[in-house]
Amino acid sequence: MLQEFKKFAMRGNVVDLAVGVIIGAAFGKIVESLVNDIFMPIIGRIFGGLDFSNYFIGLNEAAQHAPTYDAAKKAGATIGYGNFLTILVNFLIIAWVLFLVIQAINRAASRGKAEEAAAPPPPSREEELLTEIRDLLKTRA
């Protein structure tokens, strides 16, 4: 059973998936920082210096009068739509970057196929001889 598990764990797909998950987690943190520390302050400034992380709707009296989203969450049920907007921007950035990466991979793959198809290999000596024989037989007929 141990050998079977080792064989499963060391297959290329499992290892590639593990590497992808680890890199994805690190990339997610980079995008989160990009959105929270760069994009959202700019967007907030455009909309009058507002901080999206503190946009919320308190569902009880104490949460409605809380000064921040964290305080509102402690006071009771709240809907944090500002936090949702931030996460939505995170998702859109990640989706866009993945789209660009996949598009670049597809272009590179299609270029390689086009180069292979553009330059056919010269005919072998055997093919040349068979062509000559065919042409001779056509002239005799």
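Conventions used here
Residues numbered from 1 in each chain as written. Predicted model: local features only at pLDDT ≥ 70, side-chain atom pairs only at ≥ 80, totals over all residues. Heavy atoms only, no water. Helix = DSSP H or I, 4+ residues; strand = E, 2+ residues; numbered from the N terminus. Rg over C-alpha atoms; globule rule 2.2 N^0.38 Å. Buried < 20%, exposed > 50% of the residue type's maximum accessible area, 1.4 Å probe, protein only. Contact = heavy atoms within 4.5 Å. Areas by Shrake-Rupley, 256 points an atom, 1.4 Å probe, with all protein chains shown as cover. Lys, Arg positive; Asp, Glu negative; His and termini not counted. Charge placed at Lys NZ, Arg CZ, Asp CG, Glu CD. Salt bridge = Lys/Arg side-chain N within 4 Å of Asp/Glu carboxyl O. pLDDT = per-residue confidence, 0-100. Core = buried A, V, L, I, M, F, W, Y, C linked by side-chain atoms within 4.5 Å. Phe/Tyr/Trp six-rings, centres within 6.5 Å; stacked < 30°, edge-to-face > 60°.

**Observations concerning the overall build of the chain**
Each helix and strand counted, the chain has six helices and two strands in total. Taking 14 Å as the expected radius of gyration for a compact globule of 141 residues, we find that the chain reaches 31 Å, considerably beyond that expectation. Referenced to the eigenvectors of the C-alpha coordinate spread, the extents of the chain come out at roughly 105 × 55 × 25 Å. Burial statistics for the chain: of 141 residues in total, 13% are counted as buried. Sequence-distant contacts in the chain: of pairs separated by 6 or more residues, those separated by 24 or more amount to 39%. Carbon together with sulfur atoms contributes 67% to the accessible area of the chain, which is approximately 11500 Å² in total. Looking at charge distribution, the chain has the averaged site of its 14 positive side-chain charges lying 2 Å from that of its 14 negative ones.

**Let's talk about the pattern of salt bridges**
A side chain of one charge can pair with a side chain of the opposite charge when the charged atoms of the two come close. With the rule as written, the count across this model stands at two salt bridges. The salt bridge involving R125 is made with E128; its shortest N-O contact spans 3.4 Å. With a gap of three residues between them, R125 and E128 both fall in helix α6 (residues 125-140), about one helical turn apart. In this structure, the salt-bridge partner of D135 is R134, at a minimum N-O distance of 3.3 Å.

**Notes on the confidence of the model for the chain**
Averaged over every residue, the pLDDT of the chain is 82; the share at 70 or more is 91%. When pLDDT is averaged over each helix and strand of the chain, the minimum, 76, is found for helix α1 (residues 2-9) and the maximum, 90, for strand β2 (residues 78-79).

**A few points about the environment of L98**
Tracing the chain through its elements places L98 in helix α5 (residues 81-118). Given the relative accessible area of 47%, L98 is considered partly exposed. Sequence-wise, L98 and S110 are 12 residues apart; in three dimensions their C-alpha atoms are separated by 18 Å.

**Regarding the nonpolar core**
One recurring pattern in soluble globular proteins: nonpolar side chains tend to sit buried together. One finds V31, V35, M40, F52, Y55 and I93 forming the largest nonpolar core, which totals six residues. Element by element, the count of residues in this core is highest for helix α2 (residues 12-46), at three residues. With five residues, the next largest nonpolar core counts F56, A66, Y69 and A72 among its residues.

**What to know about the packing of aromatic side chains**
Across all of its chains, the model carries three aromatic pairs by this definition. Seen from their ring centres, Y55 and Y81 are 5.7 Å apart, and the 50° between their planes marks the pair as tilted. Taken as a pair, Y55 in the loop between α2 and β1 (57-58) and Y81 in helix α5 lie far apart in primary sequence, 26 residues in all. Assessed through its relative accessible area of 19%, Y55 is described here as buried.

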